[in-house]
Amino acid sequence: MVNDYNRSPQEVLEELHTSPLGLTAAEAAARLAAHGPNKLKEAEKPSLLRRFLAQLKDPMLLMLMAAAAISAQKQHINDLNVFPVPDGDTGTNMSLTISAAAAELKKKQCATVGEAAQTAASALLRGARGNSGVILSLLFRGIAKSLKDRETIDGRDLAIALDFGVAAAYKAVMKPAEGTILTVSRLAAAQAAAAAREENAVESVLEAAIREGQEALADTINQNPVLKKAGVVDAG
């Protein structure tokens, strides 16, 4: 190998079993079949959603984004509100509830994820409006309980916290109905747990939970007769 540079072109061509004209079509096909394509395997690119979520490491920023998103869609959510009572205020109630947590987090400098979760849960409980707001506060109460004393979290911690949140919400509702925020939360938490077993990263777990939540939400119309009759998904 050291003296390869001293070899003649003909010797190199003979060793490689080729010629100055290159491989014939048949030879190229045979080598492709034997060795596969001559290219490096490209790493799978993260989705746009995952890249976006990777930027949101601050719990306060996450809460502010959530509050802004619900506020922007408030009236649309109100229009979907037909179950359990068609009073058209779910969007307003959820916006007021989550905005209370966002405002509290803006005022308080939380040093750890556990502290931020507890601050948000307490503010949600105090600011809860309507059934949807109460259930939202219960979800966060369970999440905060799981994350107590945690400085930082990974994907597995997040999945466990979501499961705690779902358990707290279900426990507080006497007769849980399918096709509601409870169903969506439960299925999203289950998918988060599955994702955490595959990749222990917060953004991948959160992405999996969001995607499953979207699919579960779309299916609520098929699970609740009231929603099916009105032709809408669950507002909560």
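Since the model is a prediction, treat every value here as computed from it, not as a measurement. (Residues numbered from 1 in each chain as written. Predicted model: local features only at pLDDT ≥ 70, side-chain atom pairs only at ≥ 80, totals over all residues. Heavy atoms only, no water.)

J.: What exactly am I supposed to notice about the nonpolar core here?
T.: Most often, soluble globular proteins have nonpolar side chains that are buried together. With 27 residues, the main nonpolar core has Met63, Ile98, Ala101, Ile135, Leu139 and Ala169 as its most contacted residues. For this core, the elements supplying multiple residues, two or more each, are helix H4 (59-72), helix H5 (74-80), helix H6 (90-107), helix H7 (113-127), helix H8 (130-146), helix H9 (155-172) and helix H10 (181-198). Here this core takes five residues from H6, the largest share from any one element. Leaving out residues up to four positions away in the same chain, isoleucine 135 has contacts with Ala169, Ile181 and Leu182. Counting nine residues, the second-largest nonpolar core is a separate cluster that includes Leu158, Ala159, Ala208 and Ala209. (Core = buried A, V, L, I, M, F, W, Y, C linked by side-chain atoms within 4.5 Å. Buried < 20%, exposed > 50% of the residue type's maximum accessible area, 1.4 Å probe, protein only. Helix = DSSP H or I, 4+ residues; strand = E, 2+ residues; numbered from the N terminus. Contact = heavy atoms within 4.5 Å.)

J.: Help me out: how do you make sense of the confidence of the model for the protein in this one?
T.: It should be kept in mind that the predicted coordinates are not to be read in detail where pLDDT is low. Taken over all residues, the pLDDT of the protein has a mean of 86, while the share at 70 or more is 92%. At the low end of the mean pLDDT range in the protein sits helix H3 (residues 48-54), at 63; at the high end sits H10, at 95. (pLDDT = per-residue confidence, 0-100.)

J.: Looking at this structure, I do not really get unusual backbone geometry. What am I missing?
T.: Glycine aside, residues mostly have negative phi, and peptide bonds are mostly found in the trans state. Positive phi, normally seen in glycine, also occurs at aspartate 149, with a value near 70°. Relative to the helices and strands, aspartate 149 is located in the loop between H8 and H9.

J.: Explanation requested: the environment of aspartate 234 in the structure shown.
T.: Here aspartate 234 is to be found in the segment after helix H12 (225-230). Among the residues examined, aspartate 234 registers a relative accessible area of 8% and is labelled buried.

J.: Could you clarify how one ought to interpret H9 in this entry?
T.: The α-helix winds at 3.6 residues per turn, so residues separated by three or four positions along the chain end up facing the same way. Over its 18 residues, H9 extends 26 Å from the first C-alpha to the last, a length consistent with the 26 Å expected when each residue adds 1.5 Å. Where the residues of H9 are buried, they touch H8, H10 and helix H11 (202-223). Capping the start of H9, aspartate 154 holds a side-chain oxygen 3.2 Å from the backbone nitrogen of arginine 156, two or three residues further along. (Expected span 1.5 Å × (residues − 1). Polar contact = N/O pair within 3.5 Å; in protein donor to acceptor, adjacent residues only side chain to side chain.)

J.: Would you mind showing me how to read H11 here?
T.: Compared with the 32 Å implied by 1.5 Å per residue over 22 residues, the 30 Å span of H11 between its first and last C-alpha is a close match. Largest kink in H11: about 25°, centred on leucine 217. Every buried residue belonging to H11 is among Glu203, Ser204, Val205, Glu207, Ala208, Ala209, Glu212, Gly213, Ala216 and Thr220, and all of these are buried. (Bend = angle between axes of the 7 residues up to and from the residue.)

J.: Please explain the side chain of aspartate 157 as it appears in this structure.
T.: Looking at the element boundaries, aspartate 157 is found in helix H9. For aspartate 157, a relative accessible area of 8% puts it in the buried group. With sequence-adjacent residues up to four places away left out, aspartate 157 is seen in contact with Leu147, Arg150 and Thr152.

J.: Teacher, can you tell me more about the pattern of salt bridges here?
T.: Pairs can form between side chains of opposite charge whenever their charged atoms are close. All chains considered together, the criterion is met by six salt bridges. Across the pair glutamate 104 and arginine 126 runs a salt bridge, and its minimum N-O distance is 3.7 Å. You can see glutamate 104 sitting in helix H6 and its partner arginine 126 sitting in helix H7, a full 22 residues away along the chain. Residue class for glutamate 104 comes out partly exposed when judged on its relative accessible area of 21%. Among the residues examined, arginine 126 registers a relative accessible area of 57% and is labelled exposed. Of the charged contacts in the structure, one is a salt bridge between glutamate 178 and arginine 186, with a shortest N-O distance of 2.9 Å. Glutamate 178 gets classed as partly exposed once you look at its relative accessible area, which sits at 38%. Taking relative accessible area as the criterion, arginine 186 reaches 32% and is therefore assigned partly exposed. Connected through salt bridges with shared partners, the residues Glu104, Lys107 and Arg126 form a single ionic network. (Salt bridge = Lys/Arg side-chain N within 4 Å of Asp/Glu carboxyl O.)

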